[in-house]
Amino acid sequence: MIKFLLMVNKQGQTRLSRYYEQVELGKRASLEADVVRGCLARRKEECSFVEFKDYKLVYRQYAALFIVVGITENENELSIYELVHNFVEVLDKYFSRVIMFSLDKVHIILDEMILNGHIVETNKTRILAPLLALDKMAES
Amino acid sequence: MSDVVEKTLTALPGLFESQTGAAKITNRLRQLIKSITELTSKHEEENLIKRELSAIKEQVSSPNTTMKQMREIMVRAMYCEMLGYDASFTYIHAIKLAQQGGVLEKRVGYLAVSLFLNEGHELLLLLVNTVLKDLQSTNLIEVCMALTVVAQVFPKDMIPAVLPLVEDKLSHPKEIIRRKAVLALYKFYLIAPNQVQHIHAKFCKALSDKDPGVMASSLHIYLQLIRESPDSYKDLTGSFVTILKQVLGGKLPVDFNYHSVPAPWLQIQLLRILSLLGKEDQSTSELMYEVLDESLRRAEMNHNITYAILYECVKAVYTIHPKAELLEKAARCIGNFVLSPKINLKYLGLKALTYVVQHDAKLALQHQMTIIECLDHSDFTIKRETLELLFRITNAQNVTVIVEKMLDFLCYVPIKTLTFAPDNSWFIQTMNDVFSIGGDLLQQDDPNNFLRLLAEGKPEEDDQLRLYAVESYLTVLKGHTSHLPQCFLQVMSWVLGEYAHLQESVDRREVIRLLTQLLDQRSVSSETRVWILSALTKIPEGQTDLILDLAESLSSSQDTVLRQQAQELRHLSQDSQLREWVLVENSCAVDSSLSFLDGFVSEALAAGAAPYKPPHQRQEELSLNLEPYSFSLPVSLSSCSITDRQSPTLLSVSSGLSGNSAELSTLILEGVKRVWGKDGYLPQKEATAPPVDEPSAAVQPASQQEAAERIEPRPEPSTQNQDKQQLASSLFVGLGVGSSVSLVRKLFYDGFTASLRGNVMDCLEARSTSVCHYALLMDDPHTNVSLTGTVSYQTQPGHTNTLPFSGTLSTADFIRPLVVTTEEYGKLWLSLSHDVKQNLKLLTDAGDPLRTTLNALKDALQLHVVDIIGSEGIVACRLLSGAPCLLHCRVNGAALAMWLRSPHPALPDFILYHCQRALAHH
């Protein structure tokens, strides 16, 4: 089960966070800082998984951006590792056409893929369908 | 693939720092994000967000704010909350946005609600009507987003209100609506299972939905249901198997593929369900053998995602009722994982292994060397997973070794992770726990590392940590102390001695009293007493009366060391000048050049003393032969031939290695084990399995048969590997049949010592002559090693004669050429750490001095001259079956500048010595 997904830059600034388990607002910033520190401390040749409190972190780096997923012990790390890449590929598919900043749209995409900590959709066309429909309506 | 990544990389920063968003509406948002990116401190961030929040506050309450603007404001509020700042005043506006906005605004409103509010939040009640309205909308997009938010956050008590509407959607013509309805029902099941009990039949309909997406969504519910009561769903096994078969067979539309693998996450989900169904149920398991076999077979593609599926498949195979053929295939799969050079796969392999050893501990045996390697892996995660694995195979025989490994790790964890330690008190407290629990089982290094950590910190920064340690230890000492491990007591005394003065509020008398109290305890070892006294010595003066009392009481102690320390203590406490001179605060400076001896040395030189020579240069000059005291060799003969002087009637040769010398009543060669050398106590190395470099065991007399057989499973002949082998044998003992394991173990403990090791190569027996060949290896180089042994023989039964013999071997005897290319040499050179430089004599009597000198060395020492380029030459050699040594030689005027490098710290010294010797004798 997925507990949270973070997009964080190398300076430790959170660019997106989605929690699938309640974490108090006040505790999130320090949790995120710890998560980034934990991932930054790892060397390239080390594996992409690291134990963190009660979670396992699965992280993947894209240029200066880290995508970190907190999962439970019984989850399959490698499948999450690839899920992150699938997510990035979806973002790429959508935003390479209309490059425009939007935290809300990244969230909408993510909500199609992960719900309540479960992977609910991985088909790129279907993930993007609702968002594309929204865009169409907004245009007209 | 690579261009996808590239595109992604270029696109991603754009997500966050786009300059092209021309719409005015996003201006403020863009500005906010830009400012956040440029922040340099937390303080700046606080100010910025505070300003932002008050701007938002003003805007949301303004009647002129349009819905479109509200949408932008909501995203800004999301940003502020994401950074950890409370924006709760916007929550109600998020709900309003969902109620009143157009589709795009509505979606953002719902999104904000799902981000801001958790299930129990009372504001959610205000959302119910909106959701009801949207669920009935004719606009599919609105229905869609209402279902999404219902599946994310919805008040439990209001489920009955929306349930009929959601149920209706299960038969909606659009797949996306059906899919989202299923997921909403799943959520209802999770938070209020009773409410959806009556619609289980509808779940079943979703499972057989013609759309793969709807079917896949229903699997979430089934996984949950089956986990709770597997028996109720056994009849569905066939369906799950069929679905998996279809997925594997590529029956799904192509857009379900991920990197050409059909619906991988769906496969994983199905495998999880199957393993739950097949667990401890033979007949159900039989239904899935075929599809699992196919799944194992299909996963040939070399992509991470296929390995993720394989991992799940292996787990399934080991969870369900076993089938030998499948188990074998799954075990082979694990091998691919564990041996993979890709670290992520190795990790998953270890995790798989950890899972399967619970069902079949023998599997760990196949991968024991990999496990040992992973145990020492530099990657913390790998190490941790390996320990988990060891924990699963713990049994009565290996428990001590495994616990020891775990304790190593236990101590390593807090020290290594200090950078992550939330605060000082946590760190000290954790270390206290480690010391009290791990106690004297910890290696000496662990307390030392901890103390070093305390000591090496900068005074200003780490005084906090030290202070906390002092406080914490005083509390510990005030409690019950007799059960505390010695090493913990030692750590505490040291810290109190060094740092008690940092804590102004601490009464020094109290510290002295607590430490003195410890001295009185019977359970405290004399080593710890020394630590305590040293600490007392360091506590600043002023408490002379207490110290004198203590010194007095100890002056009659039976322990001479304690008596001496008590004396010192007495003198120091009475003579403050002496004290100041001896105990300079925070002085740890060591004059490693021993410059304070300069005067003495020059005086001695002037008086005609010989200049200092490092030990390896003095050997020859020693008139007194100390060799017999140097090394011990139980049975380490390079070649010994016994001629028939006494006409022995019976003659056979045995060695310590064969392990059954007691049975042999005839000729016995025994080694003498020495523990003292000229440098003091010789550390006893555990003997290792016999490595034989050039095996030539052609003839094996009957008595040697057993020894020879046992040598069969030969470990790799490097010392490091043998240490690992040894560890392996102690870790994996007691698993499986174990014949090969116990065998390795036995060889290890057949007492072989010192720096040489070897074994019987062959023995030729004739009527009155026996020739024995031994293969010897030198693990630790030494200039000379003496070889002693005895030959025992019987001229008549019951009457044993013993003949001692001895010989000398030098490092030179163990040097062999190392044949490498110039390129390999270059690489190896960079990887070696220990080096020595020295100028040697250059042989100038021939035309090419460098070549002549190198050839002379080559002849004398069996070196390999790799290359000669101009005035430089590179030469390589290695110890027989051991460490390499590279020599870089350069003509430097009339001398040969030699630079040696080796992974072995002492080897360059010895080779240099032999080179000097060879050139001197030339």
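Please read all numbers here as calculations on a predicted model, not as lab measurements.

S.K.: Before we go on, may I ask you to explain the overall build of chain B in this structure?
M.R.: A tally of helices and strands in chain B yields 39 helices and 16 strands. Split into buried and exposed, the 922 residues of chain B put 51% on the buried side. When contacts within chain B are restricted to residue pairs at least 6 apart in sequence, those whose partners lie at least 24 apart make up 66%. Summing over all exposed atoms, chain B offers an accessible surface of approximately 43,700 Å²; the carbon and sulfur share of this is 52%.

S.K.: Just checking my understanding: could you explain the overall build of chain A for this structure?
M.R.: Secondary structure summary: chain A contains four helices and seven strands in total. Written out in order from the N terminus, the α and β elements of chain A read β-β-α-β-β-β-α-α-β-β-α. Across the 140 residues in chain A, those meeting the buried criterion constitute 70%. Long-range contacts, defined as pairs at least 24 residues apart, comprise 50% of the intrachain contacts of chain A with a sequence gap of at least 6. In the structure as shown, chain A presents an accessible area of about 4,900 Å², 52% of it carried by carbon and sulfur atoms.

S.K.: Is there a simple way to think about unusual backbone geometry in this case?
M.R.: Peptide bonds are trans in most cases, and residues, glycine excluded, mostly fall at negative phi. Despite not being glycine, Asn116(A) has its phi angle at roughly 50°, a positive value. Assignment of secondary structure puts Asn116(A) in the loop between β6 (114-115) and β7 (118-119). In this structure Asn116(A) comes out as buried when scored by relative accessible area, which is 14%. Phi is positive for Ser260(B), close to 65°, though the residue is something other than glycine. In this fold, Ser260(B) is placed in the loop between β1 (257-258) and β2 (261-262). Accessibility expressed as a relative area gives 58% for Ser260(B), which makes it exposed.

S.K.: Would you take a moment to explain the state of the cysteines for this structure?
M.R.: Put plainly, a disulfide is one covalent bond tying together the sulfur atoms of two cysteines. All names here are of chain B. Throughout the structure, instances matching the rule amount to zero disulfides over all chains. Sulfur of Cys333: no disulfide; nearest cysteine sulfur belongs to Cys313 and is 7.4 Å away. On the basis of relative accessibility, which here comes to 10%, the residue Cys333 falls in the buried class.

S.K.: Help me understand the interface of chain A and chain B in this model?
M.R.: Many authors give the size of an interface as the accessible area that is lost as the parts come together. Contacts between chain A and chain B engage 72 residues on the former and 83 residues on the latter. Together, the buried faces of chain A and chain B total about 6,900 Å²; carbon and sulfur atoms form 59% of this surface. Run the count over chain A and chain B and you get eleven salt bridges. Measuring nitrogen to oxygen at the nearest pair gives 3.7 Å for the salt bridge that ties Arg107(B) to Asp111(A). Our count for the chain A to chain B interface comes out at 34 residue pairs in polar contact (both at pLDDT 80 or more). At the level of elements, β2 (14-19), α1 (25-40), β3 (49-52), β4 (55-62), α2 (77-95), α3 (103-113), β7 and α4 (124-139) of chain A are the ones that each hand at least two residues to the side of chain A that touches chain B. For the side of chain A that touches chain B, the element with the highest residue contribution is α2(A), accounting for 13 residues.

S.K.: Honestly, helix α2 (residues 27-38) of chain B in this entry has me stumped. Any pointers?
M.R.: Counting along an α-helix, one turn takes 3.6 residues, and residues three or four places apart therefore face a common direction. Residues and elements named next belong to chain B. Helix length check: α2 (twelve residues) gives 17 Å between terminal C-alpha atoms against 16 Å at 1.5 Å per residue, within 8%. Every buried residue of α2 is listed here: Leu29, Leu32, Ile33 and Ile36. When α2 is viewed along its axis, its buried side chains cluster within an angular range of 90° and face the same direction. Those residues of α2 that are exposed and aimed more than 90 degrees away from the buried face are Gln31 and Glu38.

S.K.: Quick question: what am I supposed to make of the side chain of Glu75(A) here?
M.R.: Its location among the elements puts Glu75(A) in the loop between β5 (65-71) and α2. A relative accessible area of 8% means that Glu75(A) is categorised as buried. Side chain to side chain, Glu75(A) and Arg272(B) meet in a polar contact 2.8 Å long. Once residues within four sequence positions are removed from consideration, Glu75(A) is found in contact with Met1(A), Ile80(A), Arg272(B) and Lys351(B).

S.K.: Would you take a moment to explain the packing of helix α6 (residues 103-116) of chain B against helix α8 (residues 140-152) of chain B for this structure?
M.R.: When two helices pack together, their arrangement is given by the angle between the helix axes and by the axis-to-axis distance. Residues and elements named next belong to chain B. Direction vectors running N to C along α6 and α8 enclose 5°, while the axes themselves pass 10 Å from each other. The angle between α6 and α8 places the two elements in the roughly parallel class. For the pair α6 and α8, contact is made by Val103, Lys106, Arg107, Tyr110 and Ser114 and by Ile141, Glu142, Met145, Ala146, Thr148, Val149 and Gln152, respectively. Among the residues making up the contact of α6 with α8, the classes are represented as six nonpolar, three polar and three charged.

S.K.: Hey, could you run me through α2(A) in this one?
M.R.: A rise of 1.5 Å per residue sets the reference length of α2(A), with its 19 residues, at 27 Å; its end C-alpha atoms lie 27 Å apart and thus fit the reference within 8%. Burial analysis of α2(A) places 18 of its 19 residues in the buried class, which makes it a mostly covered element.

S.K.: In this structure, what is going on with the environment of Pro908(B)? I would like to understand it.
M.R.: All names here are of chain B. Mapped onto the elements, Pro908 comes out in helix α39 (residues 907-921). Considering only alpha carbons, one finds Pro908 and His834, 74 residues apart in sequence, at a separation of 7.8 Å. With residues up to four places along the chain from it excluded, the contact list for Pro908 reads His834, Val836, Cys885, Leu900, Arg901 and Ser902.

S.K.: Looking at this structure, I do not really get the packing of α2(A) against helix α18 (residues 343-356) of chain B. What am I missing?
M.R.: Packing of α2(A) against α18(B) brings their axes to within 10 Å, and their N-to-C directions diverge by 145°. Of α18(B), the residues touching α2(A) (which contributes Glu77(A), Leu78(A) and Tyr81(A)) are Asn344(B), Leu345(B), Tyr347(B), Leu348(B) and Lys351(B). Counted by class, the contact of α2(A) with α18(B) contains five nonpolar, one polar and two charged residues.

S.K.: Honestly, the packing of aromatic side chains in this entry has me stumped. Any pointers?
M.R.: What describes a pair of aromatic rings is the distance from one ring centre to the other and the angle between the planes of the rings. The tally for this structure, following the rule as stated, stands at 16 aromatic pairs over all chains. When the ring of Tyr222(B) is compared with that of Phe240(B), the centres are 6.0 Å apart and the planes differ by 70°; the resulting orientation is edge-to-face. On the criterion of sequence distance, the pair formed by Tyr222(B) in helix α12 (residues 212-228) and Phe240(B) in helix α13 (residues 237-248) is long-range, its members being 18 residues apart. No difference in accessibility class separates Tyr222(B) from Phe240(B), as the two residues are buried. An angle of 85° between the planes, with centres 5.2 Å apart, marks the rings of Trp829(B) and Trp899(B) as edge-to-face. Of this pair, Trp829(B) sits in helix α37 (residues 822-831) while Trp899(B) sits in strand β16 (residues 895-902), and the two are 70 residues apart along the sequence. Overall, the relative accessible area of 12% leaves Trp829(B) in the buried class. Grouping aromatic residues by their ring pairs yields a cluster made of Phe4(A), Tyr19(A) and Tyr55(A). The aromatic ring of Phe89(B) is capped on one face by Lys57(B), whose charged end is 4.9 Å from the ring centroid. Taking NZ or CZ as reference, Lys315(B) lies 5.1 Å from the ring centre of Tyr355(B), over its face.

S.K.: Mind showing me how you'd approach the nonpolar core here?
M.R.: Residues Phe87(A), Ile109(A), Phe116(B), Val131(B), Tyr222(B) and Phe240(B) are the most contacted members of the largest nonpolar core, which totals 192 residues. Excluding residues within four positions of it along the chain, Phe116(B) makes contact with Met74(B), Ala77(B), Met78(B), Glu81(B), Thr90(B), Tyr91(B) and Ala94(B). Of all hydrophobic cores here, the second largest spans 44 residues; its members include Leu489(B), Ala500(B), Leu536(B) and Leu554(B).

S.K.: How should the pairing of β5(A) be read in this particular structure?
M.R.: Consecutive side chains along a regular strand alternate between the two faces of the sheet. Residue and element names in this part refer to chain A. Counting buried positions over the seven residues of β5 gives seven, a clear majority of the element. The alternating pattern of β5 places Leu65, Ile67, Val69 and Ile71 on one face and Phe66, Val68 and Gly70 on the opposite face, and all of these are buried. Bridge analysis of β4 against β5 gives seven bridges, and the strand direction is antiparallel. What sits directly across from Val58, in β5, is Val69. Hairpin remark: β4 followed by β5, antiparallel, with two residues in the connecting loop; positive phi at Ala63, about 50°.

S.K.: I'm lost on the sheet that holds β4(A) in this one. Help?
M.R.: All names here are of chain A. Spatially, five strands are ordered β2-β1-β5-β4-β3 in an open sheet, and the strand pairing comes out antiparallel. Across the chains shown, the open sheet's two edge strands, defined by having one partner strand only, are β2 and β3. Averaged over all adjacent pairs, the angle separating strand axes in this sheet is 20°, with direction ignored. Bridge count between strand β1 (residues 2-9) and β2: five bridges; the pairing is antiparallel. When the sheet's bridge partners are listed, Val8 is paired in β2 with Thr14.

S.K.: In this structure, what is going on with the pattern of salt bridges? I would like to understand it.
M.R.: Opposite charge on two side chains lets them pair, provided their charged atoms get close. Per the stated rule, a full pass over the model turns up 43 salt bridges over all chains. Across the pair Arg126(A) and Glu175(B) runs a salt bridge whose closest N-O atoms are separated by 3.3 Å. Placement of Arg126(A) in helix α4 and of Glu175(B) in helix α10 (residues 175-191) is noted, with the two residues assigned to different chains. Among the salt bridges present, the one from Arg178(B) reaches Asp209(B), with a minimum N-O distance of 2.8 Å. Taken together, the residues Arg178(B) in helix α10 and Asp209(B) in the loop between α11 (200-207) and α12 connect sequence positions 31 residues apart. Exposure remark for Asp209(B): the relative accessible area of 17% places this residue in the buried category.

Scoring rules and cut-offs
- Residues numbered from 1 in each chain as written.
- Chains lettered and ligands numbered in written order.
- Predicted model: local features only at pLDDT ≥ 70, side-chain atom pairs only at ≥ 80, totals over all residues.
- Heavy atoms only, no water.
- Helix = DSSP H or I, 4+ residues; strand = E, 2+ residues; numbered from the N terminus.
- Buried < 20%, exposed > 50% of the residue type's maximum accessible area, 1.4 Å probe, protein only.
- Contact = heavy atoms within 4.5 Å.
- Areas by Shrake-Rupley, 256 points an atom, 1.4 Å probe, with all protein chains shown as cover.
- Disulfide = S-S within 2.5 Å.
- Buried area = accessible area lost by both parts, 1.4 Å probe.
- Salt bridge = Lys/Arg side-chain N within 4 Å of Asp/Glu carboxyl O.
- Polar contact = N/O pair within 3.5 Å; in protein donor to acceptor, adjacent residues only side chain to side chain.
- Expected span 1.5 Å × (residues − 1).
- Arc of directions from axis to C-beta.
- Axes fitted to C-alpha atoms, helices over the stretch in contact; angles between N-to-C directions.
- Parallel < 35°, antiparallel > 145°, perpendicular 65-115°, else oblique.
- Nonpolar A, V, L, I, M, F, W, Y, C, P; charged D, E, K, R; others polar.
- Phe/Tyr/Trp six-rings, centres within 6.5 Å; stacked < 30°, edge-to-face > 60°.
- Lys NZ or Arg CZ within 6 Å of the ring centre and 35° of its normal.
- Core = buried A, V, L, I, M, F, W, Y, C linked by side-chain atoms within 4.5 Å.
- Pairing = 2+ DSSP bridges.

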